[in-house]
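Per-entry structural report
Spelled out, the chains give:
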Amino acid sequence: MSRIALPSGEWVELRDPATLRRGDKKRALKMVPIGEDVDLSMATQVEMADGVLAVMITAWSYALPLPVTAESLELLSMEDGNFLEENETIKEAHKVLFPEQPARTEQQVADPLSPTEPSAE
């Protein structure tokens, strides 16, 4: 765990991204309200970031309860929130939880015998 000082003078403790598990990914995704009757919005990116923060923050100096929730993250100042989103440990955790999809290869794109569209998009 590492303690990070925030611009406001508060601090948070972050867990090591190497300790993340499948259940953490589920918990992070639950913070994004997506369903059949819900459209993706500009807020989706912030909600995804909140999900990563929620699984990464293990302690903090704020007078707010743990575990971290979407509601408690909404109370952080913009400066602290932006600082956390740009933290390298948080960025690494995001990559662990949501790895980038591989790029399409020329072989996948150029296979004329394939009955389906390329799946790696």
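Structure shown above.
Residues numbered from 1 in each chain as written. Predicted model: local features only at pLDDT ≥ 70, side-chain atom pairs only at ≥ 80, totals over all residues. Heavy atoms only, no water.

Moving on: the environment of Leu66. Looking at where Leu66 falls in the secondary structure, it is placed in the loop between β3 (57-60) and α3 (70-73). Using a relative accessible area of 41% as the deciding quantity, one classes Leu66 as partly exposed. Spatially, the C-alpha atom of Leu66 lies 9.4 Å from that of Ala54, the residues being 12 residues apart in sequence. With near-sequence residues (within four places) excluded, Leu66 lies in contact with Thr58, Ala59 and Trp60. (Helix = DSSP H or I, 4+ residues; strand = E, 2+ residues; numbered from the N terminus. Buried < 20%, exposed > 50% of the residue type's maximum accessible area, 1.4 Å probe, protein only. Contact = heavy atoms within 4.5 Å.)

Moving on, we get to the pattern of salt bridges. Two side chains bearing opposite charge may form a pair once their charged atoms approach each other closely. Considering all chains together, one arrives at four salt bridges under this definition. For the salt bridge of Arg3 with Glu13, the shortest nitrogen-to-oxygen distance reads 2.8 Å. Pair noted here: Arg3 is in strand β1 (residues 2-5) and Glu13 is in strand β2 (residues 11-14), with a separation of 10 residues, a long-range link. Between Lys91 and Glu88 there is a salt bridge; the shortest N-O distance is 3.9 Å. Of this pair, Lys91 and Glu88 both sit in helix α5 (residues 88-97), three residues apart, which is roughly one turn of the helix. Because the salt bridges share partners, they merge into one network encompassing Glu86, Glu88 and Lys91. (Salt bridge = Lys/Arg side-chain N within 4 Å of Asp/Glu carboxyl O.)

On the surface, a cluster of positive charge is contributed by Arg22, Lys25, Lys26 and Lys30. By secondary structure assignment, the location of Lys25 is in helix α1 (residues 22-29). What makes Lys25 partly exposed here is its relative accessible area of 33%. (Patch = residues over 30% accessible without salt bridge, like charges linked within 9 Å, V, L, I, M, F, W, Y side chains within 5 Å. Areas by Shrake-Rupley, 256 points an atom, 1.4 Å probe, with all protein chains shown as cover. Lys, Arg positive; Asp, Glu negative; His and termini not counted. Charge placed at Lys NZ, Arg CZ, Asp CG, Glu CD.)

What follows deals with the side chain of Asn87. Position of Asn87 relative to the elements: it lies in the loop between α4 (78-85) and α5. The class of Asn87 is buried, set by a relative accessible area of 13%. Excluding residues within four positions of it along the chain, Asn87 makes contact with Ile4 and Leu14.

Below, the discussion takes up unusual backbone geometry. Geometrically, the link from Leu66 to Pro67 is a cis peptide bond, its omega value of 5° lying close to zero. Relative to the elements of secondary structure, Pro67 occurs in the loop between β3 and α3.

Further remarks concern the layout of surface pockets. If you add up the space inside the largest pocket, you get close to 280 Å³. Every residue lining the largest pocket is counted, 14 residues in all, and those nearest its centre are Val46, Asp50, Leu73, Glu74 and Glu85. Those elements giving two or more residues to the lining of the largest pocket turn out to be α2 (43-56), α3 and α4. Taken together, the elements giving at least two residues each to the lining of the second largest pocket come down to α2 and α5. Element by element, the count of residues in the lining of the second largest pocket is highest for α2, at four residues. Among the residues making up the lining of the second largest pocket, the classes are represented as four nonpolar, two polar and three charged. (1 Å grid on protein atoms, 1.4 Å probe; cavity = no way out; pocket = protein on both sides within 12 Å on 5 of 7 lines; lining within 4 Å. Points joined across faces, edges and corners; volume = space filled by probe spheres on them. Nonpolar A, V, L, I, M, F, W, Y, C, P; charged D, E, K, R; others polar.)

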